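One-letter residues, chain by chain:
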Protein chains: 2
Amino acid sequence: MSVTIKDVARVAGVSYSTVSKALNNSPLVKEKTKIKILQAAKQLGYQPNFAAKSLVSKKSSIIGVVWPTVERMAWSALATNINDALVKKSYNMLLSINPLASAISIFNQFRVDGILVFQEERTLLESTDIKSTVPILFYGESGSSHYPEINVNRRKAIFEAVRYLAEMGHRRIAYIGDLSHKEANQQEKLIGFSEGIMQFGLVSHPDMAVHVKKLSWEEGFRATKQLLQSSYRPTAIVSASYDLSAGIIRAVRDASLRIPIDISLISYDNIPQMAGLEIPLTAVGTPVDKLAENLVEALLKIIEHPDSIHPFDDIDIELNERASCGPPLK
Amino acid sequence: MSVTIKDVARVAGVSYSTVSKALNNSPLVKEKTKIKILQAAKQLGYQPNFAAKSLVSKKSSIIGVVWPTVERMAWSALATNINDALVKKSYNMLLSINPLASAISIFNQFRVDGILVFQEERTLLESTDIKSTVPILFYGESGSSHYPEINVNRRKAIFEAVRYLAEMGHRRIAYIGDLSHKEANQQEKLIGFSEGIMQFGLVSHPDMAVHVKKLSWEEGFRATKQLLQSSYRPTAIVSASYDLSAGIIRAVRDASLRIPIDISLISYDNIPQMAGLEIPLTAVGTPVDKLAENLVEALLKIIEHPDSIHPFDDIDIELNERASCGPPLK
DNA sequence: TTGTACGCGTTATCAG
DNA sequence: CTGATAACGCGTACAA
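It should be emphasised that the depicted structure is a prediction, and the values quoted were computed from it without experimental measurement. (Residues numbered from 1 in each chain as written. Chains lettered and ligands numbered in written order. Predicted model: local features only at pLDDT ≥ 70, side-chain atom pairs only at ≥ 80, totals over all residues. Heavy atoms only, no water.)

Participant: Any chance you could explain the relation of the copies chain A and chain B here in plain terms?
Facilitator: What relates the two chain copies is a rotation about an axis together with a slide along it. Note on the identical chains: chain A maps onto chain B by a rotation of 180 degrees and an axial translation of 0.0 Å, with an RMSD of 0.1 Å. On this basis, the relationship between the two copies can be described by a two-fold rotation axis. A share of 100% of interface residues in chain A that are also interface residues in chain B marks the association as one of identical surfaces. (Least-squares fit on C-alpha atoms with pLDDT ≥ 70 in both. Contact = heavy atoms within 4.5 Å.)

This is the structure we're talking about:
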């Protein structure tokens, strides 16, 4: 049914091995015949067969990405950026939203060149022991030390956010985020906040940190209402995620407070969408495009040298000033 | 590097064709040797090579799904459900977030068994003429009539929502959604609303329909504030999407109105998450699980009979009563 | 019940 | 420059 190089060869009146060369732009083919072959190929609507190609070449030019069911904005943005970065390196990205073990199994059978795993919580992994011939890179907590992982330094990011506010003159800073100790990533952020408060000798208060069950805008909204009604009167808020921040803005405005005049807001998750909110948000974290490039680069490095050990540094964080922070009112 | 059936054969002390049979659970192999082979395979960590397999069998057991950049909740839910439905039929799903043309090209080279395209706006498609040997099914507007497509009857869905409210006694109903005529899907919803208003002889008012630029919660929030401040005093709201509704609820509650006592709310997008909102929302639309099953079923039908024409009916809609609608206050 | 041989669509190596 | 031909890993008739 589908057309092969042999069909193309027949139409072009050459042998199929010549077609193969022509299609791969080999210099061993005369320009004229090359053109003839290319025309025949186009005319027949030839599409190379990936399976055959990767069978012989042992390469697929595909990177498999394992994605837990994703709802958060920051992750969508990351996926898009990784895709772009991969295309730039002439790879293609395929996503699987299956459970980790089966996704990895599928990608292994496909003999993709590399696998990138987005891991939010680490609990899943520990039970099932992952077997993979294909190089894997974890983004987030891998849980097992068998595979290389890259993480961003969330602790430092939040710490820097606090520093930024403190240096601006803020003394009463609040934090809205996941206060439970279930997810290591979220815990890191909280620690960063605490460290900042202590380090810069800021005001402490029992209500200064508000817990959210999910990093969603609803929770951000709710938590902010709660915060503003408490006896703590913050002049600035540190938010643990983009989605959270979206809800925070709404709640703050509803309380007829102005950002950044009455209250400053700085958010984790350094994605371009921050600029598109009602108020362009000053944010801290690794810019997604850089993060994506780092991840891709690291993965390609692993692919090229699968055996050597790869101790990846945490990716550097940045603080992007926009319009949501200013000195406290008085 | 990676282990093949030949390696397994050597370890198990049989020929590799026997291994092949054993692995495919053929009855032509003695139980005892089968076990021996299976053990050897596991011990070596054997993973079948997809490329080789699909090369000879002309099947990949993979369905490629083309996804525009994902941000909306309802779509995430749909993807998850399709994945599940596919697994049930022993297929695997792989996602591509590349532009339509290149995604289809990749899937063609992979010789996936079928392609499912999520198409929100149709503008993209019309310029590039899609060529695909692999069967394609469009969900949404394909734009060209070359490929089969399935859609849900959004017009009817919204119409039924209006009917539901009307029969409950509501006379002043508002609509929050995309009022521009750019996207056919959104236009359909608006038409359904207008038809309902006319058919049931309800009150008309210039402010009864509020436009949102995006189907996001922010816009839902904003539009609702606007609606509640206008001179129109609706007793019920019809919302065009889940995300919108989330924002609507917040805005309504902020105005100290109670749902459903002071105001009723019914939403398009029939997804389980509706039940998880602050107020379990009565919703109309095709339940995602059914939608997913329908799509999968239709696609498999096309795969089996690629040549015949497939005029798919719109998928039926359902109205799920939850806790957000009641009779008007007086 | 097991093994042999061939072909799937490519690339790569050699001869011509 | 071009054309045979051998792999690649697997399924499957067919032979043993």
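Participant: What is the right way to read the UniProt feature "domain: HTH lacI-type" (unreviewed entry) in chain A from this model?
Facilitator: The UniProt record marks residues 3-57 of chain A with the feature "domain: HTH lacI-type" (unreviewed entry), using the residue numbering of this structure. In this annotation, residues 3-57 of chain A is assigned 69% helix and 0% strand; the end-to-end C-alpha distance for the span is 20 Å. (UniProt positions renumbered as here; feature names shortened; annotations may be inferred. Helix = DSSP H or I, 4+ residues; strand = E, 2+ residues; numbered from the N terminus.)

Participant: Help me understand the interface of chain A and chain B in this model?
Facilitator: Quoted interface sizes are often the accessible area lost when the parts come together. With 45 residues of chain A at the interface, the matching set in chain B holds 45 residues. Here chain A packs against chain B, burying approximately 4300 Å² in sum over the two surfaces, 62% of which is carbon and sulfur. The largest per-residue losses of area from chain A upon contact with chain B belong to Gln 47, Phe 110 and Trp 217 of chain A, which jointly make up 16% of the total buried on that side. Along the contact surface separating chain A from chain B lie two salt bridges. Where Asp 254 of chain B meets Lys 225 of chain A, a salt bridge forms, and the shortest distance between an N and an O atom there is 3.3 Å. There are 12 residue pairs in polar contact (both at pLDDT 80 or more) connecting chain A and chain B. Taken together, the elements giving at least two residues each to the side of chain A that touches chain B come down to α4 (50-57), α5 (73-88), β2 (92-96), α6 (100-110), α10 (217-229) and α11 (242-254) of chain A. For the side of chain A that touches chain B, the residue count by class is 22 nonpolar, 16 polar and seven charged. (Buried area = accessible area lost by both parts, 1.4 Å probe. Salt bridge = Lys/Arg side-chain N within 4 Å of Asp/Glu carboxyl O. Polar contact = N/O pair within 3.5 Å; in protein donor to acceptor, adjacent residues only side chain to side chain. Nonpolar A, V, L, I, M, F, W, Y, C, P; charged D, E, K, R; others polar.)

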